[in-house]
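Spelled out from the first residue to the last, the chains are:
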Amino acid sequence: MGNAESQSAPSDPRFVSASRAFTHHELEHLTSLFNSLVSQSQTNARYISPSVFQSYFGLHGPLGDRIFHLVTQERQDQRLTFEDLVIAKATYEKGTRDDIEEFIFRLLDVNGDKFVGRSDLESVMISIFKDILCIKDSEARSSSDQDIVNIFLNAANFSMHEEGCTEESLSFEDFRSWCTHVPSVRKLLGSLLMPPDSGRPGSQIPNLLTSKGIDPNILLLRKEYAWHIGGALSQHELEDWMLLYHSSVNGLSFNTFLGNVSNHQGPSVLIIKDKEGYIYGGYASQPWERHADFYGDLKCFLFQLNPKASIFRPTGANHNLQWCAINFSSADIPNGIGFGGQVNHFGVFISANFDQGHTFSCSTFGSPCFSKTIRILPDVIECWGVTQGKVQGKNDAVKGTILERFKEDRHMLNMVGLANSSE
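All values reported here derive from a predicted model rather than from experimental measurement. (Residues numbered from 1 in each chain as written. Predicted model: local features only at pLDDT ≥ 70, side-chain atom pairs only at ≥ 80, totals over all residues. Heavy atoms only, no water.)

**Thoughts on the overall build of the protein**
Convention followed: Helix and strand definitions follow DSSP, with helices as H or I runs of at least four residues and strands as E runs of at least two, each counted in order from the N terminus. Exposed residues in this analysis have more than 50% of their type's maximum accessible area, buried residues have under 20%, and partly exposed residues fall in between, with area computed by a 1.4 Å probe over protein chains only. By definition in these notes, contact holds between two residues if any of their heavy atoms fall within 4.5 Å. Areas reported as accessible are Shrake-Rupley estimates using a 1.4 Å probe. Residue values count occlusion only from the protein chains shown.
Looking only at helices and strands, one finds 16 helices and 12 strands in the protein. Put simply, the protein has 423 residues, and 50% of those count as buried. A separation threshold of at least 6 residues defines the contact pool for the protein, and within that pool the share at least 24 residues apart is 63%. When the accessible surface of the protein is totalled, it reaches about 19500 Å², and 48% of it is carbon and sulfur.

**Some points on the environment of M242**
Within the element layout of this structure, M242 appears in strand β2 (residues 240-246). Take M242: its relative accessible area is 32%, and that puts it in the partly exposed class. With 26 residues separating them along the chain, M242 and S268 place their C-alpha atoms 9.1 Å apart.

**Considerations on the packing of helix α3 (residues 24-41) against helix α6 (residues 82-94)**
The condition is simple: Comment: axis = line fitted to C-alpha atoms, over the contacting stretch for helices; angle = value between 0 and 180 degrees taken between N-to-C directions. An angle below 35 degrees is read as roughly parallel, one above 145 as roughly antiparallel, one from 65 to 115 as roughly perpendicular, and any other as oblique. A clockwise turn of the near helix away from the far one marks a right-handed crossing, whereas an anticlockwise turn of less than a right angle marks a left-handed crossing.
Contact pair α3 / α6: the axes reach a minimum separation of 11 Å and the direction vectors enclose 130°. Classified by the interaxial angle, the pair formed by α3 and α6 is oblique. Judged by the sense of rotation from one axis to the other, the crossing of α3 with α6 is right-handed. Every residue of α6 that contacts α3 at E26, L30, T31 and F34 is listed here: F82, L85, V86, K89 and K94.

**Considering the UniProt feature "domain: EF-hand" (unreviewed entry) in the protein**
Which entries qualify depends on this criterion: UniProt positions are given in the numbering used here, feature names are shortened, and annotations may be inferred rather than shown by experiment.
UniProt records the feature "domain: EF-hand" (unreviewed entry) at residues 96-131, using the numbering of this structure. Helix makes up 72% of residues 96-131 and strand makes up 0%, while its end C-alpha atoms are separated by 28 Å.

**Digging into the packing of helix α8 (residues 118-132) against helix α9 (residues 145-153)**
Between α8 and α9, the least distance of the axes is 10 Å, while the angle of their chain directions is 125°. On the basis of the axis angle, α8 is oblique to α9. Considering the relative orientation of α8 and α9, their crossing is right-handed. Only Q146, I148, V149, N150, F152 and L153 of α9 make contact with α8, whose side of the interface consists of R118, L121, E122, M125, I126 and F129.

**Quick word on the nonpolar core**
Considering soluble globular proteins, one finds that nonpolar side chains tend to be buried as a cluster. Definition in use: Among buried residues, the Ala, Val, Leu, Ile, Met, Phe, Trp, Tyr and Cys ones that are joined through side-chain atoms within 4.5 Å form a nonpolar core.
If you look at the biggest cluster of nonpolar residues, it comprises 85 residues, and the most contacted ones within it are M125, I128, F129, F152, L189, L192 and W241. If one sorts the elements of this core by residue count, α6 sits on top with 7 residues.

**Some words on the sheet that holds strand β10 (residues 357-358)**
Filter applied, for reference: When DSSP finds two or more bridges between a pair of strands, those strands are recorded as paired.
Taken in spatial order, the 5 strands of this open sheet run β7-β8-β9-β10-β11, and their pairing is antiparallel. Because the sheet does not close on itself, it has two edges, and the strands there are β7 (322-325) and β11 (375-376). Bridging between strand β9 (residues 345-351) and β10 involves 2 bridges; their strand directions are antiparallel. Of the residues in β10, the one forming a bridge with I350 is G357.

**As for the confidence of the model for the protein**
The cut-off we apply is this: Every residue is assigned a pLDDT by the predictor, reflecting its confidence on a scale from 0 to 100.
The predicted model of the protein averages 88 in pLDDT, with 88% of residues at 70 or higher. Counting contacts from residues 5-9, a segment whose pLDDT is below 50, to residues more than four positions away or on other chains yields 8 contacts. Predicted confidence is poor over residues 391-423, with pLDDT under 50, and the contacts of this stretch with residues over four places away or in other chains come to 35 contacts.

**Comments concerning the side chain of T364**
Using the following cut-off: We define a polar contact as two N or O atoms separated by no more than 3.5 Å, with the added condition that, inside protein, one atom must be a possible hydrogen donor and the other a possible acceptor, whereas residues neighbouring each other in sequence contribute only through side-chain atom pairs.
Inspection of the secondary structure puts T364 in the loop between β10 and β11. Residue class for T364 comes out buried when judged on its relative accessible area of 0%. A polar atom in the side chain of T364 sits 3.0 Å from the backbone nitrogen of G341. Setting aside chain neighbours within four positions, we find T364 in contact with R313, P314, T315, G316, N318, N320, L321, G340 and G341.

**Let's talk about the packing of aromatic side chains**
Short version of the rule: Within 6.5 Å between ring centres, the rings of Phe, Tyr and Trp (the latter by its six-membered ring) count as paired, and their orientation is classed by plane angle as stacked under 30 degrees, edge-to-face over 60, tilted in between. Here, a charge over a ring is recorded when the distance from Lys NZ or Arg CZ to the ring centre is within 6 Å and its angle to the ring normal is within 35 degrees.
In the structure shown here, the tally under the stated rule is 26 aromatic pairs. A ring pair is formed by F105 and F175, whose centres lie 5.4 Å apart and whose planes are at 40°; its orientation type is tilted. A residue pair is termed long-range when its members are at least 10 positions apart, and F105 in helix α7 (residues 97-108) and F175 in helix α10 (residues 172-181) qualify at 70 residues. Owing to a relative accessible area of 0%, F175 belongs among the buried residues under this scheme. Considering the side-chain rings of W323 and F346, the 5.3 Å spacing of their centres and the 65° angle between planes classify their relative orientation as edge-to-face. Taken together, the residues W323 in strand β7 and F346 in strand β9 connect sequence positions 23 residues apart. Accessibility assignment for this pair places W323 and F346 in one class, buried. One aromatic cluster is present, built from ring pairs that chain together Y245, F254, F257, W288, F339 and F354. Taking NZ or CZ as reference, R290 lies 3.8 Å from the ring centre of F328, over its face.

Encoded structure:
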């Protein structure tokens, strides 16, 4: 431990304070890590070089350069000391929410001009897809890589107009709002100082499974989209997703849809591309089964995939979460599938004919109208079954009593401070 101890000798108050955030065992682990990386750096047992740091954490390009610059406290000397490592990890991993998000916000400023503009976010998203997630799709696609990057940028609001800045930039509140709508980005940017092989949060992409003979080019669900949707899910829901229904293969048929999804008793991802080219959908936490009223739980959410990427979780305003009405004769129970809003005024709804539907802004998810107009004319509909990994109580979560589901919903409301909201 001599190398690290020699670095910690100065009584920098930031280092002293940061050290208190770790247990003795954790500090020993950091010391061991530092000494290992120093030995690889060939710097006479004094500091970690940029190349070794970036290689160990799997961070390259502008994002890798920027995080090394922040961890070394912007000294420009290309030397990462033990003090730097402890201070950065204490702030980035053990700090308050404000501390962590302030660090991430500074991280986004990849060109170091004190502003976070669209070009900064573009560099970050390109680095995420190419250098961290390593998404390299060899199949021809109708959307270019730049189009995919743009849908994430389109979710951000650049409200700042600062003198000396050549483009509009994000305020800190803009950044926080963006993180809410793209939780996969927030998860990943909050875990970059974890080694890639440690199960880094935000880095997992579901394994997309289809039947043999399915042309991958007809699928709406790209890997980038699956990663985006998965940002709102737990780790055990990010393993295998199986294609249950695709309208180009199975036809635009409600009965076929129900038949194909009936054998899947877990959650599912419903995706719609309308004739205007907009792509959106919802995560159904419960199976698609006949109900005369809304059902589901607070794990449901809506999402946009094109022209912007956004997640809309339940607000707690009501429990009008999931809808599946089959063969009802009353106009008050419209046959079809949907999410959120009110009867005949859903957040997203596809009629039982599968030839039309609608999308309204709704308080259930705080979501806007997802298309050019409120009327939906479906072009493609597909549904993926989420295969949940083995976790304690998984079966209970699906088959639990109403009381158990209510308790779970109540707990989730408490987590977001909405338990006392009116229904």
